[in-house]
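# Descriptive analysis of the structure
For reference, the chains in residue letters:
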Amino acid sequence: MHVRHAVTAAATAASVLALGLVGAVPAQAAEYSSALKIKGVQYDAPGRDSNKCSGGNTKNEYLTIKNYSRTATVNLKGYVVKDAVGNRFTFPSNHKLQPGDYIKLRGNRGTDSDAKNVVYRQNCNFIWNNDKDTIYLYKPSGARADVHSYTKKSNDRDGNGYITYHG
């Protein structure tokens, strides 16, 4: 009797867990319905890698983030970009993307510009690995807005160091 009750309780717990996972699918899909998505990444800056602030090429490594909404303007303040090992950048100030607009998040130091659609990480280290990595984009709430993994061999067929995700 006790064994049967334990089995029934375990089966009930498994059913609840399964239903919880099924219930989580739409919520997960909803967080990926973000207006902001990763359009592409120049994960391997052209030339020989040099992360020197002066004369280096980290500014040529960039992530393009686009507002795919047809109507909503999105403020990047508080959005977080992260790689597989936890290197991260948080957009520290207001930068509004109109519908269809994009921003290039570049390495190195520089002056952010709405007119030139650029934000600098103010860091001279490369963030993306040249062989493989995962790129995460998080909303200010902490919900995941977009994620993409890549390998040079599988995703960069022309070998130019740039991968396009969303057109």
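Residues numbered from 1 in each chain as written. Predicted model: local features only at pLDDT ≥ 70, side-chain atom pairs only at ≥ 80, totals over all residues. Heavy atoms only, no water.

For the rest of this paragraph, the subject is the overall build of the protein. Helix and strand content of the protein: 2 helices and 11 strands. Tracing the protein from N to C terminus, the helices and strands come up as α-β-β-β-β-β-β-β-β-β-β-α-β. Of all 167 residues assigned to the protein, the portion counted as buried reaches 35%. For the protein, restricting intrachain contacts to residue pairs at least 6 apart in sequence, the fraction spanning at least 24 positions comes to 58%. (Helix = DSSP H or I, 4+ residues; strand = E, 2+ residues; numbered from the N terminus. Buried < 20%, exposed > 50% of the residue type's maximum accessible area, 1.4 Å probe, protein only. Contact = heavy atoms within 4.5 Å.)

Two side chains of opposite charge can pair, provided their charged atoms sit close to one another. A full pass over the atoms with the stated rule returns 1 salt bridge. Its salt-bridge partner being Asp44, residue Lys152 comes within 3.6 Å of it at the nearest N-O pair. Of this pair, Lys152 sits in helix H2 (residues 152-155) while Asp44 sits in the loop between strand S1 (36-42) and strand S2 (62-67), placing them 108 residues apart in sequence. The class for Lys152 is partly exposed, based on a relative accessible area of 36%. (Salt bridge = Lys/Arg side-chain N within 4 Å of Asp/Glu carboxyl O.)

In this section: the sheet that holds S2. In spatial order, the strands read S8-S7-S2-S1-S11; together these 5 strands make up an open sheet with mixed pairing. Edge strands, defined here as strands with exactly one partner in the open sheet, are strand S8 (118-120) and strand S11 (162-164). Put simply, the sheet's adjacent strands are angled 25° from each other on average, direction ignored. As paired elements, S1 and S11 share 3 bridges and run antiparallel to each other. Counted as the bridge partner of Gln42 is Tyr162 from S11. (Pairing = 2+ DSSP bridges. Axes fitted to C-alpha atoms, helices over the stretch in contact; angles between N-to-C directions.)

Counting residues in each nonpolar core, the largest one holds 23 residues, and the members touching the most others are Leu63, Phe91 and Trp128. Looking at this core, the elements that each hand over two or more residues are S1, S2, strand S7 (102-106), strand S9 (132-138) and strand S10 (144-151). With 3 residues, the top contributor of residues to this core is S1. (Core = buried A, V, L, I, M, F, W, Y, C linked by side-chain atoms within 4.5 Å.)

Residues at a pLDDT of 70 or more form 81% of the protein, whose mean pLDDT is 83. Averaged pLDDT values for the elements of the protein fall to 38 in helix H1 (residues 2-31) and rise to 98 in strand S4 (residues 80-82). Every residue in residues 1-31 is under pLDDT 50, and counting partners more than four places away or in other chains gives 4 contacts. (pLDDT = per-residue confidence, 0-100.)

One pass over the structure, following the stated rule, counts 1 disulfide. Covalently, Cys53 is tied to Cys124 through a disulfide, its sulfur atoms 1.9 Å apart. Between Cys53 and Cys124, the S-S torsion sits near 115°, and that sign places the bridge as right-handed. Pair noted here: Cys53 is in the loop between S1 and S2 and Cys124 is in the loop between S8 and S9, with a separation of 71 residues, a long-range link. By relative accessible area, which is 41% here, Cys53 ends up partly exposed. What makes Cys124 buried here is its relative accessible area of 7%. (Disulfide = S-S within 2.5 Å.)

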